[in-house]
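# An overview of the molecular structure
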Amino acid sequence: MNCILAGVGGQGTVLASKLIAQAGRTAGRQVRTAETIGMAQRGGCVVSHVRTGDVVLSPLVPLGQADVLIGFEPAEAVRCLPYLKAEGTAIVCTKAVRPVTASLTGSAYDGSEMVEYLQKNVPHLILVDGEAICAAVGSPRALNVALLGAALPALGIAPADMEQALRASVRPQFVEMNLAALRLGAQAQKKADEKGETDHD
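Described below are features of the structure shown in this document. (Residues numbered from 1 in each chain as written. Predicted model: local features only at pLDDT ≥ 70, side-chain atom pairs only at ≥ 80, totals over all residues. Heavy atoms only, no water.)

### Notes on the packing of helix H6 (residues 143–155) against helix H8 (residues 172–195)
- Where H6 meets H8, the axes come as close as 6 Å, and the angle between the chain directions of the two elements is 45 degrees. Classified by the angle between their axes, H6 and H8 sit oblique to one another. As H6 packs across H8, the resulting crossing turns out to be right-handed. Residues Val 145, Ala 146, Leu 148, Gly 149, Ala 150, Leu 152 and Pro 153 of H6 touch H8, and the partners they reach there are Asn 178, Ala 181, Leu 182, Gly 185, Ala 186 and Gln 189. (Axes fitted to C-alpha atoms, helices over the stretch in contact; angles between N-to-C directions. Helix = DSSP H or I, 4+ residues; strand = E, 2+ residues; numbered from the N terminus. Parallel < 35°, antiparallel > 145°, perpendicular 65-115°, else oblique. Left-handed = near helix turned anticlockwise from the far one by under 90°. Contact = heavy atoms within 4.5 Å.)

Listed below in structure tokens is the structure:
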């Protein structure tokens, strides 16, 4: 299973990749990961590669070979779309993060054009209202786990394995909040399936 996670610095992209890796190990798979962080601490793009399976020789996902693309931000999802297989699944947060270049030039960016592009070009697309889920659980830092909840079926990860990874990786006082975000993300995926927005057959 090949997964690409794309976001900007501060969104928890690297932690999300570590949680996928931990859940994969719990399920008895071999796991390799890699990150391209760059100017992440200044709001730059962050791309994480996660590969799991019986035998994994390289940590980097080749272009066109990702089974799953998790986009923490619409433009970052579009930027990494070349990694996704034609039949792959994209899970994308609809809330835009205004890039530094837009702030400096005064140009408008709300992510809507990127979402429309994804809707036209990704047959298996799950859009997640991450802002609403974070508001429901009381923390903007729960976005990464909410997206993981929506991605579990595509990742082939059992909810129990991800919950175990969360309990092992998150400070005790934040466990319940993150478990709530995971479940709300899973509900968003189920609603998308019911609407026929995506499938995993």
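### Comments concerning the environment of Val 175
- Mapping Val 175 onto the fold places it in helix H8.
- Note on Val 175: relative accessible area 8%, which makes it buried.
- Between the C-alpha atoms of Val 175 and Glu 163, which are 12 residues apart in sequence, the distance is 9.1 Å.
- In contact with Val 175, not counting residues within four places along its chain, are Arg 167 and Val 170. (Buried < 20%, exposed > 50% of the residue type's maximum accessible area, 1.4 Å probe, protein only.)

### A short note on the pattern of salt bridges
- As enumerated under the stated definition, the model contains four salt bridges in all.
- Between Asp 67 and Lys 85 there is a salt bridge; the shortest N-O distance is 2.7 Å. Of this pair, Asp 67 sits in strand S4 (residues 66–71) while Lys 85 sits in strand S5 (residues 84–93), and the two are 18 residues apart along the sequence.
- Given the relative accessible area of 22%, Lys 85 is considered partly exposed.
- In this structure, the salt-bridge partner of Arg 79 is Glu 76, at a minimum N-O distance of 3.0 Å. Residue Arg 79 and its partner Glu 76 are located together in helix H2 (residues 74–79), separated by three residues, close to a single helical turn.
- Note on Glu 76: relative accessible area 6%, which makes it buried. (Salt bridge = Lys/Arg side-chain N within 4 Å of Asp/Glu carboxyl O.)

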